Amino acid sequence: MISVPKNVMVVGNELAIVWDDGREDYLPLERLRRDCPCAMCKGEPDLFGKIYRGPDRPLTPRSVQVAAHRWVGSYALQIDWADGHNDGIYSFETLRRMGAEG
Ligand SMILES: [Zn+2]
């Protein structure tokens, strides 16, 4: 069964997640931003398997600040970064895995 967050909040420079099974994870915002799962950040393979992605842009302090976050359906979290980027949808599974990796 997939765990779902009971509560998500930004604490300092970390995203604090309290899971429904009682586990708590603290994920550094910079790490979340660097692991942004959107196509532009992660790249998307074309028919031939070549990965296309947007140009690497240096992260600014605003790139690792959370302006807002919201649920996407019942399976993921969307983060609005303060620099305007919000294409990344972080599935609960992904967040769980990042938390387990420590
Ligand atoms: Zn992205």
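Structural data are supplied above this passage.
These remarks concern the structure in this document. Quick caveat: nothing in here was measured; it's all calculated off a predicted structure.

### Regarding the pairing of strand β7 (residues 76-81)
- β7 sits mainly inside the fold: 6 of its 6 residues count as buried.
- Residues Ala76, Gln78 and Asp80 of β7 are buried on one face, and the alternating residues Leu77, Ile79 and Trp81, pointing to the opposite face, are buried as well.
- Two elements, strand β6 (residues 66-72) and β7, share 6 bridges in a ladder whose sense is antiparallel. Bridging across to β7, His69 finds its partner in Ile79.
- The antiparallel hairpin formed by β6 and β7 contains 3 residues in its connecting segment, where Gly73 sits at a positive phi of about 55°.
- In the sheet, β7 pairs with strand β8 (residues 89-91) via 3 bridges, with the strands oriented antiparallel. Each bridged residue has a counterpart across the sheet, and for Gln78 the counterpart in β8 is Ile89.

### A few points about the coordination of the zinc ion
- On the protein side, the zinc ion has Cys36 (SG), Cys38 (SG), Cys41 (SG) and His85 (NE2) as donor atoms, found 2.1 to 2.3 Å from it.
- Donor residues binding the zinc ion come from one chain and are separated in sequence as C-x1-C-x2-C-x43-H. Of this pair, Cys41 sits in helix α2 (residues 39-42) while His85 sits in the loop between β7 and β8, and the two are 44 residues apart along the sequence.

### Describing the sheet that holds strand β1 (residues 5-11)
- The strand order across the open sheet built from 3 strands is β1-β2-β3, with neighbouring strands paired in antiparallel fashion. The sheet is open, and its two borders are formed by β1 and β3 (24-28), each paired with just one other strand. Neighbour-to-neighbour, the strand axes of the sheet open up by a mean angle of 20°, direction not taken into account.
- Where strand β2 (residues 14-19) meets β3, 5 bridges bridge the pair, whose relative direction is antiparallel. Its bridge partner being in β3, Glu14 is matched across the sheet by Pro28.
- Sheet strands in contact with helix α3 (residues 92-101) are β1, β2 and β3, and its direction is about 90° off that of β3.

Analysis parameters
- Residues numbered from 1 in each chain as written.
- Predicted model: local features only at pLDDT ≥ 70, side-chain atom pairs only at ≥ 80, totals over all residues.
- Heavy atoms only, no water.
- Buried < 20%, exposed > 50% of the residue type's maximum accessible area, 1.4 Å probe, protein only.
- Helix = DSSP H or I, 4+ residues; strand = E, 2+ residues; numbered from the N terminus.
- Pairing = 2+ DSSP bridges.
- Donors = N, O, S within 2.8 Å, 3.2 Å for Na, K, Ca; no water.
- Axes fitted to C-alpha atoms, helices over the stretch in contact; angles between N-to-C directions.
- Contact = heavy atoms within 4.5 Å.

So yeah, pure geometry; function would need other evidence.
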